[in-house]
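Chain and residue survey
Here is how the chains run, residue by residue.
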Amino acid sequence: MLAASRWLLWLALSSPLVFQTWRYLAGTIFYGEYLHWTGEQSARLLIVTLAVTPLRRMLPNSRLVKWIVARRRDLGIATFLYAALHTLAYVVKKANVELILSDATEIGILVGWLSCAILLLLAATSNNYSVRKLRKYWKVLHRCVYAAALLTFLHWILTAFDPLAGYIHLGVLLVVLALRALPDSLLVRH
């Protein structure tokens, strides 16, 4: 049962990405559309991943929340996959290391690269082997997700033609982070 529900989750998480990537490669959507879509979906998944802890604290007896808590790593890996394809599309489109490095001097692009590097490190260590080897440092390392989240939304705001959606999503992220910071006595439903 556990394996089947995990496969269904991955089907739900990856199907839109596969479909949109196919559309992009087939030329039915343009580079800018694909870049925006993959970035936005990665940012949204990042918010969902960070919202797991407040949900667990607010609804400790919910079976659905317990199911989501058990799949938090999967959500984080999916967040990275969307970000990785976002980055890959950018790199392939630029197709020039000098141009990519030149772009990286712009703060909006630089913070995107920093966020992607953090997400890569977190994805690479989102496994039981890393948890065992890093022990107490694993949690310390994975707290870098907060920096990655803030850098992600800064990247969105600074590089978007219209940053309003980025500001709205940043507001949602800040609410989620505020809920994470509240003591259990204010969050836990009795």
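Here the structure is shown first, and the text comes after it.
Notes on the structure follow. (Residues numbered from 1 in each chain as written. Predicted model: local features only at pLDDT ≥ 70, side-chain atom pairs only at ≥ 80, totals over all residues. Heavy atoms only, no water.)

Taken as a whole and assessed by the stated rule, the structure comprises zero disulfides. The closest cysteine sulfur to the non-disulfide-bonded Cys144 is located on Cys116, 15 Å from its own sulfur. (Disulfide = S-S within 2.5 Å.)

With that settled, consider the environment of Ser14. Relative to the elements of secondary structure, Ser14 occurs in helix H1 (residues 2–26). A distance of 2.6 Å separates the side chain of Ser14 from the backbone oxygen of Trp10, its partner in a polar contact. (Helix = DSSP H or I, 4+ residues; strand = E, 2+ residues; numbered from the N terminus. Polar contact = N/O pair within 3.5 Å; in protein donor to acceptor, adjacent residues only side chain to side chain.)

Once that is clear, we can look at the packing of aromatic side chains. Per the stated rule, a full pass over the model turns up five aromatic pairs. Ring geometry for Tyr24 against Tyr34: centres 4.6 Å apart, planes inclined by 5°, an arrangement best described as stacked. Of this pair, Tyr24 sits in helix H1 while Tyr34 sits in helix H2 (residues 31–58), and the two are 10 residues apart along the sequence. For Tyr34, a relative accessible area of 2% translates into the label buried. Aromatic pair Trp37 and Tyr82: ring centres 5.7 Å apart, planes at 50°, arrangement tilted. (Phe/Tyr/Trp six-rings, centres within 6.5 Å; stacked < 30°, edge-to-face > 60°. Buried < 20%, exposed > 50% of the residue type's maximum accessible area, 1.4 Å probe, protein only.)

The next thing to look at is a nonpolar patch on the surface. Together, Ile107, Leu110, Leu114, Leu154 and Leu158 make up an exposed nonpolar region whose accessible area comes to about 410 Å². Those elements that place two or more of their residues in the nonpolar patch are helix H6 (107–124) and helix H9 (145–159). Broken down by element, the residue count for the nonpolar patch peaks at three residues, all from H6. Relative to the assigned elements, Leu158 resides in helix H9. (Patch = residues over 30% accessible without salt bridge, like charges linked within 9 Å, V, L, I, M, F, W, Y side chains within 5 Å. Areas by Shrake-Rupley, 256 points an atom, 1.4 Å probe, with all protein chains shown as cover. Salt bridge = Lys/Arg side-chain N within 4 Å of Asp/Glu carboxyl O.)

Scanning all chains against the criterion turns up three salt bridges. A salt bridge links Asp74 to Arg6; the shortest N-O distance between them is 2.8 Å. Of this pair, Asp74 sits in helix H4 (residues 72–94) while Arg6 sits in helix H1, and the two are 68 residues apart along the sequence. Arg6 gets classed as partly exposed once you look at its relative accessible area, which sits at 43%. For Arg44, the salt bridge is made with Glu40, and the minimal N-O distance between the two is 2.5 Å. Highlighted residues: Arg44 and Glu40, both in helix H2, separated by four residues, approximately one helical turn.

A positive phi angle, close to 50°, is found at Ala95, a residue other than glycine. Its place among the elements puts Ala95 in the loop between H4 and helix H5 (97–103). For Arg135, which is not glycine, the phi torsion reads 45° and is therefore positive. Within the secondary structure, Arg135 is located in the loop between helix H7 (128–134) and helix H8 (136–142). The exposed category is assigned to Arg135, whose relative accessible area is 66%.

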